[in-house]
Amino acid sequence: MRTPFQKFTSASLALIASLALPGLAHAQSVQTVPFTDGFEGPSLSSAWTVTGTGPGYAAVSTANGPNSGASHLLIASTVDATAAEVEVTVALDLAGQSGLVLGFSHKEFDDEDNPEDGIWISDDGVNYTKIQSLVGSDGSSGPNYQDWQLDLDAAVLAAGLTYTTPFYVSLQWRDNFDIPQDGFAFDDFFVKQATVGVASVPFFDGFEGASLGPNWTVTGVGTGYAVVSTTDGPKTGNSHLVIASSVESSASEVEVTVGLDLAGQSGLVVGFSHKEFDDEDNPEDGIWISDDGVTWAKIKSLIGADGSSTNTYQTWELDLDAAVATAGMSYTTPFYVSMQWRDNMDLPLDGFAFDDFYVQVGLTADCNGNGVEDATDIANGTSQDCNSNGIPDECDLLSGFSLDIDGDGQLDDCVAPPLMADTYEISLATGGTQTFSMSTPPPTLSVSLYILLGSISGTAPGVAVGSFNLPLNPDFYFDRTFNSPNLPPLVNSIGAMSPAPLGGGQASATFSLPPGFAPNLVGLTVNHAFLTVDILAGNVNFVSNAVPLALLP
């Protein structure tokens, strides 16, 4: 197969130049990492070269639906029914690098499968290895953009290559028609360090945020995904981590990895809760560790023969010291722990879920640090464990495994507060919705009228309402929600309570913001609470707790 840097004859060069392959018009510059390109310029930057055979082209364009921004990269043939091959290649300064991921967004236009289609790498500019095929059987997206993130370290190791300067990454395509009959589109290309942050121990994550925290990275191949979700039955709290394939019958592998500061540590354990969804066994399934981000060892297999659960959560605690010694590794900074999965279907036909992940000191769990094993604390009543997850409630609260929004001293997943929400943060860049669940206890009647109010000025001292204290400070947003209910961003903020199955009343409402809404509000916290009025007596008969919403970038 011809490579992107094959030596062409003069006639070949003249032919390609006449077809306006833009990479031949400039000298290629070597790029440092992190490197990103959203293809927003009027043409490809000097980071890229374009080569190929036949009447192929690669051009930055605003047509055919970019994934983000105003433009993207299009690759196709200028002459219908004429075979063409195109390579768009970036040169990178990667000597001495490690812990890298390669990401991009891609879609195709009714394109037939060809062996050239995919992402190729080279450490010498002559010999190329395909590290991700972009054909239908590999989950290639069709007319809709699909995001990909590849473990570049693993790909380089598997190919028998090394990080060099320059190191080449090539986007390649072959077919015989112009868009929309054939062709590829790429957007949002990047090569960067995989680990955003390094966490200290003890480290806890109950996956209760709207997305994974900054210490986690997600890599893989195929159409896999890893997201924080409130669906499919979290172990504790409101949400958990789910991993699966977004395209049915499309083989995928996903690694969700945390970087930890473990240099000089000893006596560590790693614990987690896990369940699978009718998942077939694969050798990748399990918990893996690495002290360099390149060489990995599996320390816990998560398949049926190892006792992995199906559709039911199971809790595991592993002796990390022993696992590190067996693998011939040492505690470093960063040290990596990875939850890995491989299969080919979405939930509930395949997939993993994880919850309550931790790394801490102590071969027996002592999360509150009182010198007594957690199980003993719970057994003798020193600590409560209302959700029966084997972790003292005070540790659930400190780690974010569970919440106590109403501050009554009891976990919300054990005693639900009157006002709850499905999320407590929204990105202003992407927008989102906070869904409220309202309930009133017996003997409060369902004939009560409720009104959901808000404040951006905090919850204390609040405002007196009859004999109650509403935990919202009056301000212009409070006035708006009181005087103009059911107007954006609130929906269904006033109405009659419906009867609850066990007595009292229930209702729901939402707070929604569109993408790109008022970026100057980043850092603001919006609080909401509701009150109810007895329709017959005409007086306030119930006031709820407040629920916060953090506005993130």
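Residues numbered from 1 in each chain as written. Predicted model: local features only at pLDDT ≥ 70, side-chain atom pairs only at ≥ 80, totals over all residues. Heavy atoms only, no water.

Chemist: How should I be thinking about the overall build of the protein chain in this particular structure?
Modeler: A tally of helices and strands in the protein chain yields six helices and 35 strands. Per-residue burial over the protein chain gives 50% buried out of 553 residues. Excluding contacts between residues fewer than 6 apart, the proportion of contacts in the protein chain whose partners are at least 24 apart in sequence is 71%. Entry remark: accessible area of the protein chain is about 22,300 Å², with carbon and sulfur atoms responsible for 56%. (Helix = DSSP H or I, 4+ residues; strand = E, 2+ residues; numbered from the N terminus. Buried < 20%, exposed > 50% of the residue type's maximum accessible area, 1.4 Å probe, protein only. Contact = heavy atoms within 4.5 Å. Areas by Shrake-Rupley, 256 points an atom, 1.4 Å probe, with all protein chains shown as cover.)

Chemist: Looking at this model, I keep getting lost on the sheet that holds strand β16 (residues 252-260). Mind explaining?
Modeler: Sheet strands pair via backbone hydrogen bonds, and the direction of the pair is either parallel or antiparallel. Across the sheet, five strands lie side by side as β13-β16-β21-β18-β19; this open sheet has antiparallel pairing. Looking at the sheet topology across the chains shown, the edges are occupied by β13 (216-221) and β19 (297-301). Direction aside, neighbouring strands of the sheet carry axes that sit 25° apart on average. Looking at chain direction, strand β18 (residues 286-290) and β19 are connected through four bridges and run antiparallel. Each residue of the ladder has a partner; that of Trp288, found in β19, is Lys298. (Pairing = 2+ DSSP bridges. Axes fitted to C-alpha atoms, helices over the stretch in contact; angles between N-to-C directions.)

Chemist: Teacher, can you tell me more about the pairing of strand β11 (residues 184-193) here?
Modeler: Taken residue by residue, a regular strand's side chains alternate between the two faces of the sheet. Burial runs high along β11: seven of the 10 residues are buried. Examined bridge by bridge, strand β1 (residues 35-37) and β11 share three bridges and lie antiparallel to one another. Paired with Asp37 across the bridge in β11 is Phe189. In this sheet, β11 lies alongside strand β4 (residues 72-77) in antiparallel orientation, the contact comprising three bridges. Bridged to Leu73 within β11 is Phe186. As paired elements, strand β6 (residues 100-108) and β11 share eight bridges and run antiparallel to each other. Opposite Lys107, over in β11, you have Ala185 as the bridge partner.

Chemist: I keep staring at the layout of surface pockets and nothing clicks. Help me out?
Modeler: Rolled over the atoms, a probe with the dimensions of a water molecule shows which regions are left empty. By volume, the largest pocket is sized at about 710 Å³. Taken together, 28 residues make up the lining of the largest pocket; nearest its centre are Asp147, Gln149, Phe190, Val218 and Ala226. Elements with a contribution of two residues or more to the lining of the largest pocket: β6, β9 (146-151), β11, β13, β14 (224-229) and β16. A per-element tally of the lining of the largest pocket places β13 first, with six residues. For the lining of the largest pocket, the residue count by class is 13 nonpolar, 11 polar and four charged. (1 Å grid on protein atoms, 1.4 Å probe; cavity = no way out; pocket = protein on both sides within 12 Å on 5 of 7 lines; lining within 4 Å. Points joined across faces, edges and corners; volume = space filled by probe spheres on them. Nonpolar A, V, L, I, M, F, W, Y, C, P; charged D, E, K, R; others polar.)

Chemist: Mind showing me how you'd approach the sheet that holds strand β5 (residues 84-92) here?
Modeler: The antiparallel open sheet is built from five strands, whose spatial order is β2-β5-β10-β7-β8. In this open sheet, the two edge strands, each paired with only one partner strand, are β2 (48-53) and β8 (129-133). Averaged over all adjacent pairs, the angle separating strand axes in this sheet is 25°, with direction ignored. For strand β7 (residues 118-122) and β8, the ladder comprises four bridges, and the chain directions are antiparallel. Looking at β8, one finds that Ile121 is bridged to Thr129.

Chemist: For this particular structure, what's the right way to read the packing of aromatic side chains?
Modeler: Aromatic ring pairs: the centre-centre distance and the angle between the two ring planes describe each pair. Taken as a whole and judged by the stated rule, the model has 18 aromatic pairs. An angle of 75° between the planes, with centres 5.3 Å apart, marks the rings of Trp216 and Phe357 as edge-to-face. With Trp216 in strand β13 and Phe357 in strand β22 (residues 352-361), the pair connects residues that are 141 residues apart, well separated along the chain. Accessibility classification places Trp216 together with Phe357 in one group, the buried group. Seen in terms of ring centroids, Phe352 and Phe354 are 6.0 Å apart; in terms of plane orientation they differ by 80°. Their pairing is edge-to-face. Per residue, the accessibility class of Phe352 equals that of Phe354, and both read buried. Grouping aromatic residues by their ring pairs yields a cluster made of Phe35, Phe39, Trp48 and Phe189. The ring of Phe190 carries Lys192 above its face, with NZ or CZ at 4.7 Å from the centroid. (Phe/Tyr/Trp six-rings, centres within 6.5 Å; stacked < 30°, edge-to-face > 60°. Lys NZ or Arg CZ within 6 Å of the ring centre and 35° of its normal.)

Chemist: Before we go on, may I ask you to explain unusual backbone geometry in this structure?
Modeler: In most cases, non-glycine residues show a negative phi, while peptide bonds are predominantly trans. With an omega of 0°, the peptide bond between Thr333 and Pro334 qualifies as cis. Within the secondary structure, Pro334 is located in the loop between α3 (320-326) and β21 (335-343). Despite not being glycine, Asn492 has its phi angle at roughly 65°, a positive value. Turning to its location among the elements, Asn492 is positioned in the loop between β29 (490-491) and β30 (494-496).

Chemist: Looking at this model, I keep getting lost on the pattern of salt bridges. Mind explaining?
Modeler: Where charged atoms of side chains with opposite charge meet at close range, the side chains can pair. With the rule as written, the count across this model stands at two salt bridges. A salt bridge links Arg174 to Glu85; the nearest nitrogen and oxygen atoms lie 3.6 Å apart. Of this pair, Arg174 sits in strand β10 (residues 167-175) while Glu85 sits in strand β5, and the two are 89 residues apart along the sequence. On the accessibility criterion, Arg174 (25% relative accessible area) is partly exposed. We note a salt bridge from Glu253 to Arg342, for which the minimum N-O separation is 3.6 Å. On the criterion of sequence distance, the pair formed by Glu253 in strand β16 and Arg342 in strand β21 is long-range, its members being 89 residues apart. The exposure class of Arg342 is partly exposed, given its relative accessible area of 24%. (Salt bridge = Lys/Arg side-chain N within 4 Å of Asp/Glu carboxyl O.)

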